[in-house]
Amino acid sequence: MQLIDGNKTAKTIKAEIAQEVKAIQAAGGKTPHLAAILVGHDGGSETYVAYKIKDCEEVGFKSSMIRYEDDVTEAELLAKVDELNKDADVDGFIVQLPLPKHISEQKIIEAIDPKKDVDGFHPINVGRMVIGLPSFVSATPDGIVELIKRHGIETSGKNCVVIGRSNIVGRPMSVLMSQKEMNATVTVAHSRTKDLKEVCANADILIAAIGSPGFVTADMVKPGAVVIDVGTTRVKSTETKSGWKLKGDVVFDEVADKCAFITPVPGGVGPMTRVSLLKNTLLAAKKEIYS
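Looking up the protein chain in an unreviewed UniProt entry gives the name Bifunctional protein FolD, with the organism given as Mangrovibacterium diazotrophicum.

Right, here's the structure in full:
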């Protein structure tokens, strides 16, 4: 079994991005600028945005964080999105999800200029990704593809099962794995899939993105399979000082011995999600997706 080390891979990619930023600056170019809007005080969101700001510092990007309380109105948020769309210094920006219930997440996502949508959530970017045009790809699926490629994992003609059909991970993941670059045969499985264990047990590559801690057990995994665990659920724990622990969708201790490759949680897919956001911001700054 080989552990797919997301931390190590992300560090390598960050070094590559930092090198490119230095070259841009040396040539008199503009420093890439990522902005983030954070609403409320969700612990997970606050931590995640703080990591993103730190990542920007590490690679030499400029970063901005705009904070609002939970009671911000949808109109106020839309006005800020419009302002960032028009700000020539901001190359890309994200609105950290989830948002309070009185705000339509879809309305906010669709208000973002697709040319600055470095999260890759706008329908225009999703549509371009589906038909194989240059686009900002959702960070988690993009990070997983990068992990697979950099670990030399064969995907062409392989049977890939994606558990989960969310618009942020499952659906884009299935599209990317089936496209010519990866050439896998893809099944999208979910809570209503019949004979789910058997479907998963036939997978050469199993990508678990269902958000259910410990869902994938050893009897669902084919010997020698590649297992990618996207799950990051915070569960109560007496083992940590914080009283919380991140758990993946896969029962790692049971499954690891059967695998050829497996991602840990934490330290697998998570760091790659963050680094993919940096990659998208660099692409936005260089006008490589949209001229």
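A. The packing of helix H6 (residues 139-150) against helix H10 (residues 269-285), seen in detail. Following both chains from N to C, one finds H6 and H10 inclined at 105°, their axes separated by 7 Å at the closest point. Here H6 is positioned roughly perpendicular relative to H10, judged by the angle of their axes. Facing H6, whose interface residues are Ala139, Thr140, Asp142, Gly143, Ile144, Glu146 and Leu147, H10 presents Val269, Met272, Thr273, Ser276, Leu277 and Lys279.

B. A look at the UniProt feature "binding site: NADP(+)" (unreviewed entry) in the protein chain. UniProt's entry tags Gly164, Arg165, Ser166 and Thr232 with the feature "binding site: NADP(+)" (unreviewed entry), counted in the numbering of this structure. From this annotated list, the subset lining the largest pocket comprises Ser166 and Thr232. Within the secondary structure, arginine 165 is located in the loop between strand E5 (159-163) and helix H7 (170-178). Among the residues examined, arginine 165 registers a relative accessible area of 39% and is labelled partly exposed. Not counting chain neighbours up to four residues away, the residues in contact with arginine 165 comprise Gly170, Arg171, Val188, His190, Ser191 and Arg192. With respect to the secondary-structure elements, threonine 232 resides in the loop between strand E8 (226-229) and strand E9 (233-236). When sequence neighbours within four positions are dropped, the list of residues in contact with threonine 232 reads Leu246, Lys247 and Val265.

C. Representation of the packing of aromatic side chains. According to the stated counting rule, one finds one aromatic pair in the structure shown. A centroid spacing of 6.1 Å and a plane angle of 50° characterise the contact between phenylalanine 136 and tyrosine 290, whose relative ring orientation is tilted. Of this pair, phenylalanine 136 sits in the loop between helix H5 (123-130) and H6 while tyrosine 290 sits in the segment after H10; the two residues are 154 residues apart in sequence, bridging distant segments of the chain. You can call phenylalanine 136 buried: its relative accessible area is 2%.

D. Fine view of the sheet that holds strand E11 (residues 261-262). Strand order in the open sheet made by the six strands is E1-E11-E8-E7-E5-E6, with parallel pairing throughout. The sheet is open, and its two borders are formed by strand E1 (2-3) and strand E6 (185-189), each paired with just one other strand. Sheet analysis places E5 next to strand E7 (residues 205-208), joined by four bridges and oriented parallel. Of the residues in E7, the one forming a bridge with isoleucine 163 is alanine 208.

E. Representation of empty space enclosed by the protein in the model. For the structure on display, the rule yields one cavity of 30 Å³ or more. By volume, the largest cavity is sized at about 60 Å³. Within the residue set of the lining of the largest cavity, elements represented by two or more residues are strand E4 (92-95) and helix H4 (105-111). A total of three residues in the lining of the largest cavity trace back to one element, the largest contributor, which is E4. Within the lining of the largest cavity, the residues separate by chemical class into eight nonpolar, no polar and two charged.

About the cut-offs
Residues numbered from 1 in each chain as written. Predicted model: local features only at pLDDT ≥ 70, side-chain atom pairs only at ≥ 80, totals over all residues. Heavy atoms only, no water. Axes fitted to C-alpha atoms, helices over the stretch in contact; angles between N-to-C directions. Helix = DSSP H or I, 4+ residues; strand = E, 2+ residues; numbered from the N terminus. Parallel < 35°, antiparallel > 145°, perpendicular 65-115°, else oblique. Contact = heavy atoms within 4.5 Å. UniProt positions renumbered as here; feature names shortened; annotations may be inferred. 1 Å grid on protein atoms, 1.4 Å probe; cavity = no way out; pocket = protein on both sides within 12 Å on 5 of 7 lines; lining within 4 Å. Buried < 20%, exposed > 50% of the residue type's maximum accessible area, 1.4 Å probe, protein only. Phe/Tyr/Trp six-rings, centres within 6.5 Å; stacked < 30°, edge-to-face > 60°. Pairing = 2+ DSSP bridges. Points joined across faces, edges and corners; volume = space filled by probe spheres on them. Nonpolar A, V, L, I, M, F, W, Y, C, P; charged D, E, K, R; others polar.

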